[in-house]
Amino acid sequence: MSGNYYKGNEVSCCIKYFIFGFNILFWGVLSNISSITDLGGLDPVWLFMVVGGIMFILGFAGCIGALRENTFLLKFFSVFLGIIFFLELTTGILAFVFKDWIKDQLNLFINNNIRAYRDDIDLQNLIDFTQEYWDCCGAFGADDWNLNIYFNCTDGNPSREKCGVPFSCCTKDPAEDVINTQCGYDIRAKPDSEQKDYINVKGCVPQFEKWLQDNLTLVAGIFIGVALLQIFGICLAQNLVSDIEAVRASWVPPPLSMHRLPPQSSKKASAYYS
C-alpha cells in the first residue's frame with residue numbers, strides 16, 4: 001500500500017505543478033489582451049476590473065487548488081473554465097449566424113467613436129491605430145468623419161479641420177521620417193478621384209472583413225489552440241481531483257494501539273502495516 005501511495009503521490013505532484021504553471025502562463029497572457037473603449041457609455045476601466053477579477057479568481061483557484069491539493073478549488077476551476085469554453089463556443093456560433101448584425105454593430109461602434117474622437121485621448125489613439133493598421137478611414141469611408149463636429153463639412157463649422165480627416169487616414173510616405181499630422185486638412189473638399197492619392201478611401205469594416213478572409217486559417221488556428229488549452233486544463237484538473245480522492249480513499253489510519261508504543265516500536269509497527 002505504501003508503494004502505491006507514493007507512486008500516486010508522485011503523479012499528483014507532477015500534475016499539480018503542471019496546472020500551476022498552466023494557470024500562470026494561460027491567465028497571465030489572456031489578462032494582457034485588452035484594447036476596447038467607449039462601450040456605449042460604459043467606462044472601460046470597469047470592464048477591465050471585472051475581466052481582471054475573473055482572471056484572478058480562476059487563476060487563484062487553479063494554482064492554490066493544485067499546490068494545496070484542494071479538490072473544491074480544483075472543481076471550481078474546472079467547472080468555470082468549462083463555462084467559459086461553452087460561452088466562447090456559443091459566441092463563435094452566434095457570430096457566424098448573425099454576421100450581418102455584427103457588421104451593423106461594428107459600424108455603429110466605429111461611428112460612435114468617431115463622434116467622440118477629440119473627447120478622449122485614449123479613444124483617439126485607438127482609432128488612429130486602427131486606421132493605420134487596416135489602411136482605412138471611417139467605418140465605410142472617409143465621409144463618415146462628417147459625424148465629428150471638428151471634421152464635418154458644414155458651412156457653419158469654424159474648425160481648421162473642416163472637411164478633413166485625421167492623419168491616420170493618410171497614405172504613408174516612406175520618405176517621411178516625421179508624421180505630418182496636418183496631411184488630412186481639407187482633403188475631402190477635393191474630388192473623390194483626387195482623394196485616393198492622399199488618403200485611404202476604404203472603410204475599416206470592409207478592410208476588417210477582407211483581413212479575416214485572408215487570415216481565416218490563422219484566426220481559426222488561434223481559436224482552436226485556445227480551446228484546446230482550456231480543454232487540457234479541465235482534463236488536468238479533473239485528473240488531479242481523481243488522484244487526490246483515490247489516495248484519500250486508499251489511506252488507512254494506523255491502529256490506536258500504535259500511539260501507546262515507544263518511538264522505536266512505533267516505527268516497526270508502521271513499517272509492518274505499510
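Structure first, text after, so check above.
So, here is what we can say about the structure in this document. (Residues numbered from 1 in each chain as written. Predicted model: local features only at pLDDT ≥ 70, side-chain atom pairs only at ≥ 80, totals over all residues. Heavy atoms only, no water.)

**Examining the nonpolar core**
Counting 20 residues, the largest nonpolar core has Ile-110, Cys-137, Trp-145, Val-165, Cys-169 and Ile-199 as the members making the most contacts within it. Where this core is concerned, the elements lending two or more residues are α4 (99–115), α5 (121–134) and α7 (204–214). Looking at this core, the element that brings in the most residues is α5, giving three residues. Contact partners of Cys-169, with chain neighbours within four places excluded, come to Gln-131, Cys-136, Cys-137, Trp-145, Ile-199 and Asn-200. With six residues, the next largest nonpolar core counts Ala-61, Phe-77, Ile-234 and Ala-237 among its residues. (Core = buried A, V, L, I, M, F, W, Y, C linked by side-chain atoms within 4.5 Å. Buried < 20%, exposed > 50% of the residue type's maximum accessible area, 1.4 Å probe, protein only. Helix = DSSP H or I, 4+ residues; strand = E, 2+ residues; numbered from the N terminus. Contact = heavy atoms within 4.5 Å.)

**A word on the packing of aromatic side chains**
The tally for this structure, following the rule as stated, stands at nine aromatic pairs. Taking 5.8 Å as the distance between ring centres and 20° as the angle between the ring planes, the aromatic pair formed by Phe-129 and Tyr-133 counts as stacked. Of this pair, Phe-129 and Tyr-133 both sit in helix α5, four residues apart, which is roughly one turn of the helix. Aromatic pair Trp-134 and Phe-208: ring centres 5.6 Å apart, planes at 85°, arrangement edge-to-face. Residue Trp-134 is found in helix α5, and its partner Phe-208 is found in helix α7; the two are separated by 74 residues along the sequence. Members of the aromatic cluster, each reached through a chain of ring pairs, are Phe-129, Tyr-133, Trp-134, Phe-208 and Trp-211. (Phe/Tyr/Trp six-rings, centres within 6.5 Å; stacked < 30°, edge-to-face > 60°.)

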